[in-house]
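# Coordinates in review
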Amino acid sequence: MGYTVEQIAKALGTTALGNGALEVTGVAEPVDAGRHDLALAMKPEYADTLGEGSARAAVVWDGADWQALGLEAAIVAPRPRYVMSGLTTMFDPGQGWDSGIHPSAVVDASAELGEGVTVGPLAVVCAGARIGAGSVIGPQAFVGADAVLGEKAFLREGVRIGARVVIGDRFIAQPGAVVGGDGFSYVTPEKSNVEQARQTLGSQDGTNAQAWTRINSLGAVRIGDDVELGSNCTIDRGTIRDTRIGNGTKIDNLVMIGHNVEIGNDSLLCGCVGIAGSTRIGNNVVLGGQTGVSDNIFIGDNVITGGGTIVLSNIPEGRVMLGYPAMKMETTMEVFKGFRRLKRLFADVAELKKTVSKPGQSD
Amino acid sequence: MGYTVEQIAKALGTTALGNGALEVTGVAEPVDAGRHDLALAMKPEYADTLGEGSARAAVVWDGADWQALGLEAAIVAPRPRYVMSGLTTMFDPGQGWDSGIHPSAVVDASAELGEGVTVGPLAVVCAGARIGAGSVIGPQAFVGADAVLGEKAFLREGVRIGARVVIGDRFIAQPGAVVGGDGFSYVTPEKSNVEQARQTLGSQDGTNAQAWTRINSLGAVRIGDDVELGSNCTIDRGTIRDTRIGNGTKIDNLVMIGHNVEIGNDSLLCGCVGIAGSTRIGNNVVLGGQTGVSDNIFIGDNVITGGGTIVLSNIPEGRVMLGYPAMKMETTMEVFKGFRRLKRLFADVAELKKTVSKPGQSD
Amino acid sequence: MGYTVEQIAKALGTTALGNGALEVTGVAEPVDAGRHDLALAMKPEYADTLGEGSARAAVVWDGADWQALGLEAAIVAPRPRYVMSGLTTMFDPGQGWDSGIHPSAVVDASAELGEGVTVGPLAVVCAGARIGAGSVIGPQAFVGADAVLGEKAFLREGVRIGARVVIGDRFIAQPGAVVGGDGFSYVTPEKSNVEQARQTLGSQDGTNAQAWTRINSLGAVRIGDDVELGSNCTIDRGTIRDTRIGNGTKIDNLVMIGHNVEIGNDSLLCGCVGIAGSTRIGNNVVLGGQTGVSDNIFIGDNVITGGGTIVLSNIPEGRVMLGYPAMKMETTMEVFKGFRRLKRLFADVAELKKTVSKPGQSD
């Protein structure tokens, strides 16, 4: 898996400087780089650490004097993070799995596998499942009855795709991701304490003890193209209609998406985010880690939330939000500043009250 | 899987209006409904969308003029959510799995399987396990040594039930749920920094670096009847006694229940809730999504928490709580209102201080 | 699995009182203890409950009059929690699994298994994996290509260790733990809304809708000795270098550790903690349940956080933190107190404003 510096530059849409014929077999941080690694020195602060490693070629920042850095060859990265995408794709060693249908896999005779599909050891593909060409169903993964996967799906070990789930092309799922568990939906014969508390914003008679009856999930999950799911995340099926996730949306580890939720295109949901049932989320939304979103609300396009934000009501498009409850980031930053001065504020007011109530004694 | 409108009405304990002999094969939202679907139009706001779909029969709201809506047959839903329970049970297509013991399953000779038990492909049932009649152990699921499952358990793909766990009848577990991992319990030879910080409410000498020694979990997990667990949730075993969950309690995806925890009957724990070790939770409690509960505390019957609530101390029965820290919902709502006016408050107090310190110059 | 009281006392490094030859076969809480159990009565408040059970031997608190408690034999626990460690290790019944390589396991011919390694039913060990002597790869567990496990690893059912992950000795992983999922790392061709919002602390033009391109994860995960992972937790691989976890660190259920994160030695991460990418955490750190930590920050040695803490910036060593945002615990406790008095404060200031603006009418 070696490339010349020139091949790499070309793949990244730029040009090689110096000895373009130099071959590298891996990428490394400057200090760790060996003689056959391409060092990633995309910011000036890496200048010194390059000398600590042994790299002869590097990706350098725009404007770097690569020769003065002791390099034989260099590639200039105008947008370093973007260059990372191309580079890491070229050098990805992958999972090292064999291709083909492993004899220990249990594949139902009625399942339809496209050309070049791999099914790993001890994986299960149920009746009526359809898997697109070039897909990899990893070791111990599961594809339920009548589920549909598009082309070039890549399911890591232990991924679970439930019955009737429909997924587009180039789907990636990290280990243990679950799509198509049943929704969490129960009802009591009479109005429950929770319904009371919601209607009264906080009061309930508290005596209304009833058992919960299950609402089954008849819907499935429908996922677009180019979606990725993180390790051990869970996406529930819808009650009547499908839970829906648009194209290009990326979902991180341990994210929970409830029943009937709809998420648009090109949104990012970071680690440990939870979205309660029937909530709608727009396009190009970014939810920071541990963001929680209530059920039955709406988050507009291009909304961004910071880490730990708790969203209890609708957010119009374009807002940047933070805090519990979610407020505009600048408002929450003011509140956070206020927290640190709150003790002083109470003292000031106590002092003012004393002063004002005894006006003759002030000053 | 078709039913006449009359059969459905009877099953729901009500009567059919119009052509009760009309057969439907599915349920759908009004706009998506085809000619053979029963549309779910349980609120007046669905009146218009009925016309967009092709439904000839619908479940309608109490008081609806079903004939004017163009329907041939109708069922009136006095409590719509409750009707959903019966309807979705009737029309649930299930997982499409075969019954019986799959030849690829690994079932120990000493395990006792009741009548009609299904064990799916690549599932494992360990020595001494006992599984009640009519239970389904799904594909790639695991039942540990000497574990006991009651009748009609339904374990989805990849569920893990640890050794010696005891579970009642009609248990449902979604994909990847784990019952019976070991508790998170460690101790240092001398008093640890954490113990110091807890005793002093925040100070520690910070120099007490020690390695952690493990406290093993000898207890198991004991779960009542009619309990459901969500995808990838985890319930730890107890240290000496069992972790306990009562009858009828429902636990959502990615919920974490620590060692020695006791939860009563008919409680609901929504997505991403975390309960730390040895905490006790009463009956009919509802914990909103991402609620966190400290260790060794007590939450009384009928308590409700809103999303993201962080519970750091006991909650008496019947309270409706919200916020970090958990306070009565009305108190937290006031605090949230205060946040938005906090900057103004600081400005007001600054102004007051100026005014009061120069009394002659006020207004 | 029986021991005499004397054997137990010796193993705990103390001495037996009374009839040291008395044999016990289990440990139990005083009220549950049978005649052959060793009761755990390590605090004076257990004195009464001992009489409710049938224990003849107990571990008692320092200073207890064990004979007056009706016991035949006793062991004094100077530090009760620490005694629990030794006792629970002696009496742990384990998982009840067979040893050896189960015929249903899929073990690549090129994998190297040390002496006495067990591979459970339906487990997968990939090409080039190396597993140290005495290790147990549990049922349905997975060890990826070229992964390395030290001696005496114990992988519970369904654990997933990804390709090229390297782990030290005495590793324990609870069911469903995932090590080596890919990092959550994407980039847009031009500057994204999130990058804008971060640079401006909250504003973005919101029109910059772009699709996300993936940055692949070339690094692995490197874990030291004596590390334990909880059920369904996830640890992502690094982008270029490895994600790293030091010796003796313990990680609880549903914890999420992002790409490139570095964690030191002997730290504890409690349930549902989330650590975003590239953050560094020191030694002997304790993060309480549901603590969230932003990306690219630093947490010093001996830091402790309380439950639900959201860490948005660096924390120097030795600090005890709580709240959202994380502040010193005493500051947050003051803020929490302030919350309860906030409504009163607003009223006081309103009153003051009235009084001050009409000075002649005060009192």
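Residues numbered from 1 in each chain as written. Chains lettered and ligands numbered in written order. Predicted model: local features only at pLDDT ≥ 70, side-chain atom pairs only at ≥ 80, totals over all residues. Heavy atoms only, no water.

### Re the overall build of chain A
Stated formally: Helix and strand labels come from DSSP, where a helix needs a run of H or I of at least four residues and a strand needs a run of E of at least two; each type is numbered from the N terminus. The quantity called the radius of gyration is restricted to C-alpha atoms. Its globule counterpart is 2.2 Å times the number of residues to the power 0.38. Only protein chains enter the accessibility calculation, which uses a 1.4 Å probe; a residue whose area is less than 20% of its type maximum is buried, one above 50% is exposed, and one in between is partly exposed. We call two residues contacting when some pair of their heavy atoms lies within 4.5 Å. Per-residue accessibility takes into account occlusion by the displayed protein chains alone, with areas from the Shrake-Rupley method and a 1.4 Å probe.
Helix and strand content of chain A: six helices and 39 strands. The C-alpha atoms of chain A give 27 Å as radius of gyration, which overshoots the globular expectation for 363 residues (21 Å, by more than 25%). Summarising its shape, the C-alpha atoms of chain A cover approximately 85 × 75 × 30 Å along the three principal directions. Every one of the 363 residues in chain A was classed for burial, and the buried ones make up 61%. Sequence-distant contacts in chain A: of pairs separated by 6 or more residues, those separated by 24 or more amount to 20%. As presented, chain A carries roughly 13400 Å² of accessible surface, and 48% of it is formed by carbon and sulfur atoms.

### Some remarks on the packing of aromatic side chains
Note the cut-off: Stacked, tilted and edge-to-face are the three classes applied to pairs of Phe, Tyr and Trp rings, where Trp contributes its six-membered ring and a pair requires centres within 6.5 Å; stacked means planes under 30 degrees apart, edge-to-face means over 60, and tilted covers the rest. Our definition puts a charge over a ring when NZ of Lys or CZ of Arg is within 6 Å of the ring centre and also within 35 degrees of the ring normal.
Inspection of every chain in the model, using the stated rule, returns 21 aromatic pairs over all chains. Look at A:W97 and C:F142: their rings are 6.4 Å apart centre to centre, the planes differ by 90°, and that puts the pair in the edge-to-face class. You can see A:W97 sitting in the loop between α3 (80-91) and β8 (106-107) and its partner C:F142 sitting in strand β14 (residues 142-143), one on each of two chains. Both rings, one in B:Y3 and one in B:F91, keep their centres 5.2 Å apart while their planes meet at 80°; by these two values the pair is edge-to-face. Note that B:Y3 is positioned in strand β1 (residues 3-4) and B:F91 in helix α3 (residues 80-91), a separation of 88 residues in sequence. Among the aromatic residues, those joined into a cluster by ring pairs are A:Y324, A:F336, A:F339, B:Y324, B:F336, B:F339, C:Y324, C:F336 and C:F339. Between the NZ or CZ atom of A:R341 and the centre of the ring of B:F346, over which it lies, the distance is 4.1 Å.

### As for the sheet that holds strand β9 (residues 112-113) of chain A
Residues and elements named next belong to chain A. Inclusion rule: Note: two strands are recorded as paired if DSSP finds a minimum of 2 bridges between them.
Spatially, the nine strands line up as an open sheet ordered β9-β12-β15-β18-β23-β26-β29-β32-β35, and their pairing is parallel. Each edge of the open sheet carries a strand with a single partner, namely β9 and β35 (298-299). Relative to strand β26 (residues 243-245), strand β23 (residues 221-223) runs parallel, the two being bridged by three bridges. Considered in β26, the bridge of R222 is made with R244.

### Digging into the packing of helix α6 (residues 342-357) of chain B against helix α6 (residues 342-357) of chain C
Put simply, the rule reads: Interaxial angle, 0 to 180 degrees, is taken between N-to-C directions of lines fitted to C-alpha atoms, where a helix line uses only the stretch in contact. A crossing counts as left-handed when the near helix is turned anticlockwise from the far one by less than a right angle, and as right-handed when that turn is clockwise. Asp, Glu, Lys and Arg are counted as charged, while Ala, Val, Leu, Ile, Met, Phe, Trp, Tyr, Cys and Pro are counted as nonpolar; the rest, among them Gly, fall into the polar class.
Two elements in contact, α6(B) and α6(C), have axes whose closest approach is 10 Å; the angle formed by their N-to-C orientations is 40°. Viewed along their axes, α6(B) and α6(C) form a crossing whose handedness is left-handed. Packed against α6(B), whose contacting residues are B:L342, B:L345, B:D348, B:V349, B:L352, B:T355 and B:V356, the element α6(C) presents C:L342, C:L345, C:F346, C:V349, C:L352, C:K353 and C:V356 at the interface. Taken together, the residues that form the contact of α6(B) with α6(C) break down as 11 nonpolar, one polar and two charged.

### Comments concerning the sheet that holds strand β18 (residues 166-167) of chain C
Residue and element names in this part refer to chain C. Taken in spatial order, the nine strands make up an open sheet running β9-β12-β15-β18-β23-β26-β29-β32-β35, and their pairing is parallel. Taken across any chain shown, the strands that pair with only one partner, and hence form the sheet edges, are β9 (112-113) and β35 (298-299). Here strand β29 (residues 262-263) runs beside strand β32 (residues 280-281); their pairing, made up of two bridges, is parallel. Residue pairing for β32: I263 is matched across the bridge by I281.

### Examining the domain arrangement of chain A
Applicable threshold: Domain borders in the structure are assigned automatically or taken from a domain database.
Here chain A is partitioned into domain 1 (3-91) and domain 2 (106-322). The C-alpha centroid of domain 2 of chain A is placed 39 Å from the C-alpha centroid of domain 1 of chain A.

### Points about the relation of the copies chain B and chain C
This is how the line gets drawn: Least-squares superposition of the copies uses the C-alpha atoms of those residues scoring a pLDDT of at least 70 in each of them.
Here chain B sits on chain C after a turn of 120° about the axis and a move of 0.0 Å along it, with an RMSD of 0.0 Å. Overall, the copies show the geometry of a three-fold rotation axis. Mapped onto chain C, only 18% of the interface residues of chain B again fall at the interface, so the copies present different surfaces.

### So, the interface of chain B and chain C
Rules: When two parts are put together, the accessible area they lose, computed with a 1.4 Å probe and summed over both, is reported as buried area. Think of a salt bridge as a Lys or Arg side-chain nitrogen and an Asp or Glu carboxyl oxygen that are within 4 Å of each other. In protein, a polar contact means a hydrogen-donor-capable atom and an acceptor-capable atom, both N or O and within 3.5 Å, with residues adjacent in sequence counting only if both atoms are side-chain atoms; elsewhere, any N or O pair within 3.5 Å suffices.
Taken together, the 82 residues of chain B in the interface contact 74 residues of chain C. Carbon and sulfur atoms supply 62% of the area buried between chain B and chain C, which totals about 6200 Å² over both sides. Among the residues chain B hides against chain C, the three largest losses belong to B:F184, B:W212 and B:Y324. Together they make up 12% of the total. Joining chain B to chain C, the criterion identifies six salt bridges. Applying the counting rule to chain B against chain C returns 33 residue pairs in polar contact (both at pLDDT 80 or more). Secondary-structure elements contributing two or more residues to the side of chain B that touches chain C are β20 (178-181), β21 (186-187), α4 (193-200), β22 (213-214), β25 (234-236), α5 (329-340) and α6 of chain B. With seven residues, α6(B) is the largest single contributor of residues to the side of chain B that touches chain C. Of the residues that constitute the side of chain B that touches chain C, the class distribution is 42 nonpolar, 27 polar and 13 charged.

### Some points on the pairing of strand β20 (residues 178-181) of chain C
Strand residues, when the strand is regular, have side chains that alternate between the two faces of the sheet. Residues and elements named next belong to chain C. By the bridge criterion, two bridges tie strand β17 (residues 160-161) to β20 in an arrangement that is parallel. Bridge pairing in β20 places I161 opposite V179. With three bridges connecting them, β20 and strand β25 (residues 234-236) associate as parallel partners. Across the sheet, the residue bridging to V179 is I235, located in β25.

### Some points on the interface of chain A and chain B
Listed by partner, the interface residues are 82 residues for chain A and 74 residues for chain B. Across the interface of chain A and chain B, roughly 6200 Å² is buried in total on both sides, 62% from carbon and sulfur atoms. It is A:F184, A:W212 and A:Y324 that lose the most area in chain A upon contact with chain B, and together they represent 12% of the buried surface on that side. Linking chain A to chain B there are six salt bridges. Of the charged contacts, one joins A:D182 and B:R156 as a salt bridge, the two residues approaching to 3.6 Å between their closest N and O atoms. Secondary-structure elements contributing two or more residues to the side of chain A that touches chain B are β20 (178-181), β21 (186-187), α4 (193-200), β22 (213-214), β25 (234-236), α5 (329-340) and α6 (342-357) of chain A. When its residues are assigned to classes, the side of chain A that touches chain B shows 42 nonpolar, 27 polar and 13 charged.

### Side note on the nonpolar core
The line we're drawing: As used in this record, nonpolar core signifies buried Ala, Val, Leu, Ile, Met, Phe, Trp, Tyr and Cys residues forming a set joined through side-chain atoms within 4.5 Å.
Counting 72 residues, the largest nonpolar core has A:F339, B:F339 and C:F339 as the members making the most contacts within it. Here A:F339 is in contact with B:F339, C:Y324, C:P325, C:M327, C:V335 and C:F339, once residues within four sequence places are set aside.

### Describing the relation of the copies chain A and chain B
Least-squares fitting of chain A to chain B yields an RMSD of 0.0 Å, with the transformation described by 0.0 Å of translation along the axis and a rotation of 120°. Take the interface residues of chain A: only 18% of them recur as interface residues in chain B, which is what a contact between different surfaces looks like.

### Quick look at the environment of B:N314
Residue and element names in this part refer to chain B. Tracing the chain through its elements places N314 in the loop between β37 (310-311) and β38 (320-322). Separated by 12 residues in sequence, N314 and A326 have C-alpha atoms that sit 9.8 Å apart. Non-local contacts of N314, meaning those with residues more than four positions away in its chain, are made with I297 and F298. Of note is the side chain of N314, whose polar atom sits 2.8 Å from the backbone nitrogen of F298.

### As for empty space enclosed by the protein
Short version of the rule: Two kinds of site are reported from a 1 Å grid over the protein atoms alone, namely cavities, where a 1.4 Å probe fits but cannot get out, and pockets, open sets with protein on both sides within 12 Å along at least five of seven lines, and residues are called lining when an atom falls within 4 Å of a point. Grid points are joined across faces, edges and corners, and a volume is the space filled by probe spheres set on the points.
Applying the stated criterion to the full structure yields nine cavities of 30 Å³ or more. Roughly 280 Å³ of volume is contained in the largest cavity. Contributing to the lining of the largest cavity are 18 residues, with A:C272, A:Q290, B:C272, B:Q290 and C:Q290 lying nearest its centre. In terms of residue class, the lining of the largest cavity is built from 12 nonpolar, six polar and no charged. Considering only enclosed or pocket space, the second largest cavity measures out at about 180 Å³ in volume. Lining the second largest cavity are 22 residues; nearest its centre among them are A:Y324, B:Y324, B:F339, C:Y324 and C:F339. Contributing elements (two or more residues each) for the lining of the second largest cavity: α5 of chain A, α5 of chain B together with α5 (329-340) of chain C.

### Brief notes about the environment of B:G100
Residue and element names in this part refer to chain B. Take G100: it is sitting in the loop between α3 and β8 (106-107). Remark: the alpha-carbon pair of G100 and V136, spanning 36 residues in sequence, is separated by 8.9 Å. For G100, the contacting residues outside a window of four places in its chain are V117, T118 and V119.

### Remarks on the confidence of the model for chain A
What counts, and what does not: Confidence scores here are pLDDT values: one per residue, from the predictor, ranging 0 to 100.
Across chain A, the average pLDDT comes to 94, with 97% of residues at or above 70. In the predicted complex, the global pTM is 0.96; the interface-specific ipTM is 0.95.

### Notes on the UniProt feature "active site" (unreviewed entry) in chain A
Residue and element names in this part refer to chain A. For clarity, the cut-off: UniProt positions are given in the numbering used here, feature names are shortened, and annotations may be inferred rather than shown by experiment.
With numbering matched to this structure, UniProt assigns "active site" (unreviewed entry) to H259. Within the secondary structure layout, H259 lies in the loop between β28 (256-257) and β29 (262-263). With residues near it in sequence (within four places) discarded, H259 still touches G183, F184, S185, D236, R237, G238, T239, T243, G277 and S278.

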